There are 2 protein chains.
Amino acid sequence: MDSLDNISRIERNPDMTRQRILEAAFLEIYRNGFQGMRLDEVLTATGLTKGALYHHFPNKRALGYAVVDEIILPTVEGMWLQPLKNAADPLQGLKTVIEQLPEMKPPEMIRYGCPLNNLAQEMSPLDEGFRQRLDYIFCVWHDVTEQALERARQQGRIREDIDCNETATFILAALEGCIGMAKNAQSEARLVACNRGLIDYLHSLET
Amino acid sequence: MDSLDNISRIERNPDMTRQRILEAAFLEIYRNGFQGMRLDEVLTATGLTKGALYHHFPNKRALGYAVVDEIILPTVEGMWLQPLKNAADPLQGLKTVIEQLPEMKPPEMIRYGCPLNNLAQEMSPLDEGFRQRLDYIFCVWHDVTEQALERARQQGRIREDIDCNETATFILAALEGCIGMAKNAQSEARLVACNRGLIDYLHSLET
DNA sequence: TATTCTACAGACTAACCGGTCGGTTGGCAA
DNA sequence: TTGCCAACCGACCGGTTAGTCTGTAGAATA
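Residues numbered from 1 in each chain as written. Chains lettered and ligands numbered in written order. Predicted model: local features only at pLDDT ≥ 70, side-chain atom pairs only at ≥ 80, totals over all residues. Heavy atoms only, no water.

**Brief notes about the packing of helix H5 (residues 90–99) of chain A against helix H8 (residues 128–154) of chain A**
Residues and elements named next belong to chain A. Orientation of H5 relative to H8, taken along the N-to-C sense of each, is 135 degrees, at an axis distance of 8 Å. Classified by the interaxial angle, the pair formed by H5 and H8 is oblique. Only Thr145, Ala148, Leu149, Arg151 and Ala152 of H8 make contact with H5, whose side of the interface consists of Pro90, Leu91 and Leu94. Taken together, the residues of the contact of H5 with H8 sort by class into six nonpolar, one polar and one charged. (Axes fitted to C-alpha atoms, helices over the stretch in contact; angles between N-to-C directions. Helix = DSSP H or I, 4+ residues; strand = E, 2+ residues; numbered from the N terminus. Parallel < 35°, antiparallel > 145°, perpendicular 65-115°, else oblique. Contact = heavy atoms within 4.5 Å. Nonpolar A, V, L, I, M, F, W, Y, C, P; charged D, E, K, R; others polar.)

**Some words on the interface of chain A and chain B**
Across the contact, 38 residues belong to chain A and 38 residues belong to chain B. Summing the contributions of chain A and of chain B, the shared interface buries around 3300 Å²; its carbon and sulfur component is 58%. The largest per-residue losses of area from chain A upon contact with chain B belong to Gln121, Phe170 and Asn184 of chain A, which jointly make up 20% of the total buried on that side. For the pair chain A and chain B, the number of links is two salt bridges. Close ionic contact of Arg196 of chain A with Glu166 of chain B constitutes a salt bridge, the shortest N to O distance being 2.4 Å. Where the side of chain A that touches chain B is concerned, the elements lending two or more residues are helix H1 (14–32), helix H6 (106–112), helix H7 (115–123), H8, helix H9 (164–185) and helix H10 (188–205) of chain A. The dominant element in the side of chain A that touches chain B, judged by the number of residues it contributes, is H9 of chain A, at 13 residues. Among the residues making up the side of chain A that touches chain B, the classes are represented as 17 nonpolar, 13 polar and eight charged. (Buried area = accessible area lost by both parts, 1.4 Å probe. Salt bridge = Lys/Arg side-chain N within 4 Å of Asp/Glu carboxyl O.)

**Thoughts on empty space enclosed by the protein**
In the structure shown here, the tally under the stated rule is four cavities of 30 Å³ or more. Taken together, 31 residues form the lining of the largest cavity, with Asn118, Gln121 and Glu122 of chain A together with Asn118 and Glu122 of chain B sitting closest to its centre. At the level of secondary structure, the elements contributing two or more residues to the lining of the largest cavity comprise H1 and H7 of chain A together with helix H1 (14–32) and helix H7 (115–123) of chain B. Split into classes, the residues belonging to the lining of the largest cavity amount to 15 nonpolar, 10 polar and six charged. If you list the elements that add at least two residues to the lining of the second largest cavity, you get H7 and H9 of chain A together with H7 and helix H9 (164–185) of chain B. With four residues, H9 of chain B is the largest single contributor of residues to the lining of the second largest cavity. When its residues are assigned to classes, the lining of the second largest cavity shows one nonpolar, eight polar and two charged. (1 Å grid on protein atoms, 1.4 Å probe; cavity = no way out; pocket = protein on both sides within 12 Å on 5 of 7 lines; lining within 4 Å. Points joined across faces, edges and corners; volume = space filled by probe spheres on them.)

**Regarding the protein's contact with DNA strand D**
In the vicinity of DNA strand D, 19 residues are found, and the nearest of them are Thr17, His55 and His56 of chain A together with Lys50 and Lys60 of chain B. Each atom of DNA strand D within 4 Å of the protein belongs either to a base or to sugar and phosphate, the latter forming 56%. In this structure, His56 of chain A approaches DNA strand D through a side-chain N or O atom, which is 2.7 Å from a phosphate oxygen. Between DNA strand D and the protein, one listed contact pairs a phosphate oxygen with a backbone N or O atom of Met37 of chain B at 3.2 Å. (Near = heavy atom within 4 Å. Polar contact = N/O pair within 3.5 Å; in protein donor to acceptor, adjacent residues only side chain to side chain.)

**Focus on the domain arrangement of chain A**
Interfaces are often sized by the amount of accessible area the parts lose when they come together. All names here are of chain A. Parsing chain A into structural domains produces domain 1 (1–57) and domain 2 (66–205). In this structure, domain 1 and domain 2 have C-alpha centres spaced 29 Å apart. On the side of domain 2, 17 residues touch domain 1, which itself brings 14 residues to the contact. Surface buried jointly by domain 1 and domain 2 totals about 1300 Å² across both partners, of which 69% is contributed by carbon and sulfur atoms. When the buried area of domain 1 at its contact with domain 2 is split by residue, Phe26, Tyr30 and Phe34 rank highest and sum to 47% of it. Between domain 1 and domain 2 we count two salt bridges in total. Across the pair Arg18 and Glu70 runs a salt bridge whose closest N-O atoms are separated by 2.4 Å. A class-by-class count of the residues in the side of domain 1 that touches domain 2 yields eight nonpolar, three polar and three charged. (Domains from an automatic or database assignment.)

Okay, here's the thing in structure tokens:
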């Protein structure tokens, strides 16, 4: 029969239902914060009901955790980690990924900022479960950046005296800071200007 | 009579009542965000009632605006702007004010981050009134930093080719980013490490 | 002293929101 | 065909919360 075709059907596909809930919840969290997310909004966005949501997730917090684990983490890996890991020239890879920042999802990024950092700033002081999950993502991101810097050092592209660990931390902090400044100003020009400062900093690391 | 002594009395001093509400609201916003602030918590913290609050402020949003204008702005001016304006050596002044960051209010700063940036990140996309007020503070802060950089350049302390405007923007962004990283990690060591990166960046500006 | 207004007190309300629970439906196994 | 269970529906509930309204005490004013 057409049982395999059912993947494309909307009805009675629990995995897809769960995924739709996750994606709608992610958008709501991205726009309003976790505390500002309303489950009713998630439901109207998906066309589902309370029963469906609470069948897949025990409560609001668990839904938030799942958004971090199953939406935000893979997104960060796809947008940041994979490009950096694969780059033959890691220093150039860093610059490229930073320079491309204003171009991807421009309106959303300027208006709502970085989903990872938004959630971290909101929830880290309030909920240890969120904090650990988000900190884990930052740690992974940090380690990949640090390794890129170390490879650049081995290639003789950056100075010997650079502490790759601390530098990677600072790069992430500055990057999130730039996005935050642009978000508060609601200005893409601000993001571009701020990013130039970060690129200049990367130049100052070179030999 | 003792009419002048009434300033020290708690009862029937509307200015002091208003100020107490503002300070309690600031703390609640600082810890839970504006959306997370509960008016009842503000009232129990002050020992007042709904009548007092709604006598001084028309609604929750107006209270939030007043916190920005009358608490956060003066605090930023006292902690950042005055020290920078007065510094005979503006470059050293910048470094000093950054290095002292981990030492002031250490537990609160690590746990809850920067009140100005917290509120900006939460409310800028959601409420234009908040955004404008918070952006104004960032602009003032930026201008003072830019002027400090320009004085440093006139003194020949930093390179001629530096764009003081963009550099000031980046310094603020990086600084807020550092505080955010420390907050997410809940780690003072992270703040110190991140700040070192910022100080190193300032060194890279010198001649 | 009488009057009036400011500065509160505190009970109340309407709406919202996370979560529950009994019921229904569709698909699959026996 | 029947029985069963995961998947989902949607009405309902209880607690919470911003905001309202009536009342009152104290200070200023006349």
